[in-house]
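Close look at the chain arrangement
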Amino acid sequence: MNNRLLNDSNIKYIVLLHCLLFFFSFSGVFSKFASKQDFLSVKFCLLYVGIIAILGIYAIAWQQILKHIPLTTAFCNKAVSIIWGIVWGALIFKEQVKINMIIGAAIVIIGVIIVVKSDDTKPKSKVKEVSADE
């Protein structure tokens with residue numbers, strides 16, 4: 001199958017990307033919990049270290065995933081973390097989910113689908129490597 005995004009290998013990396021974005025979404029949860037603590041208290045510092053650890057793991061894994069899928073596809077999928085923010089707000093912080101949030105999340109999902117589909121239809125560009133001898 002020549003389709004760049006729909007082969008088994010790329011589907012695996014897109015699934016890994018979404019698992020990574022799920023993991024990344026917890027940095028927002030840790031941030032919100034940290035904001036409720038006294039500055040430089042033990043709880044604040046532990047939550048802050050947790051945020052830094054999540055972001056560090058995310059940065060390394062992000063670079064590894066970018067080796068296998070196009071940057072535009074990966075970056076537009078990052079917007080899915082907005083949806084996780086809504087989910088965590090409702091489940092953990094008991095925030096009310098409003099209709100405009102649902103509409104916004106739907107727009108994000110539609111945008112992700114459009115970008116991924118447009119990446120599917122683009123032909124692969126072939127870049128000719130030029131050696132130093134030429």
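Now for a quick tour of the structure. Model, not experiment: these values are computed from the prediction.

The rules we used
- Within every chain, residues take consecutive numbers counted from 1 along the sequence as written.
- Totals for whole chains, interfaces and linings use all residues, but because this is a predicted model, local features are given only for residues with pLDDT of at least 70 and pairs of side-chain atoms are given and counted only at 80 or more.
- Excluding hydrogens and water, the side-chain figures rest on all heavy atoms present in the structure.
- We define the nonpolar core as a collection of buried residues of types Ala, Val, Leu, Ile, Met, Phe, Trp, Tyr and Cys that are connected through side-chain atoms lying within 4.5 Å of one another.
- Buried residues are those whose accessible area, probed at 1.4 Å on protein chains only, stays under 20% of the maximum for their type, while exposed residues exceed 50% and partly exposed ones sit between those limits.
- Secondary structure counts use DSSP, requiring at least four H or I residues in a row for a helix and at least two E residues in a row for a strand, with both numbered from the N terminus.
- Residues count as neighbours in contact if any of their non-hydrogen atoms are within 4.5 Å of one another.
- By definition, no residue in a patch forms a salt bridge, and every one has over 30% relative accessible area; like charges are joined within 9 Å, nonpolar side chains (Val, Leu, Ile, Met, Phe, Trp, Tyr) within 5 Å.
- For every accessible area listed, the method is Shrake-Rupley and the probe measures 1.4 Å; residues are considered covered only by the protein chains on display.
- Just to be clear on terms, a salt bridge is a Lys or Arg side-chain nitrogen sitting within 4 Å of an Asp or Glu carboxyl oxygen.

Things to note about the nonpolar core
By size, the foremost hydrophobic cluster in this structure holds 11 residues: Tyr-13, Ile-14, Leu-17, Leu-20, Leu-21, Phe-24, Tyr-58, Trp-62, Ile-65, Ile-69 and Ala-74. Sorting the residues of this core by element identifies α1 (8–35) and α2 (42–66) as the ones contributing at least two each. At 6 residues, α1 tops the list of elements feeding residues into this core. The contacts of Leu-21, once residues within four sequence positions are left out, are Tyr-58, Asn-77, Lys-78 and Trp-84. In this structure, Cys-76, Val-80, Val-108 and Val-112 belong to the second largest nonpolar core, which totals 5 residues.

Points about a nonpolar patch on the surface
A cluster of nonpolar side chains, Val-97, Ile-99, Ile-102, Ile-103 and Ile-107, forms an exposed patch at the surface whose accessible area comes to about 480 Å². Among the structural elements, Ile-107 can be located in helix α5 (residues 99–121). According to the relative accessible area criterion, Ile-107 is exposed, its value standing at 56%.

Focus on the pattern of salt bridges
For the coordinates displayed, the defined rule picks out 1 salt bridge. A salt bridge links Lys-32 to Glu-95; the shortest N-O distance between them is 2.2 Å. Taken together, the residues span a long stretch of sequence, with Lys-32 in helix α1 and Glu-95 in the loop between α4 (81–91) and α5 at a distance of 63 residues. With a relative accessible area of 33%, Glu-95 lands in the partly exposed category.

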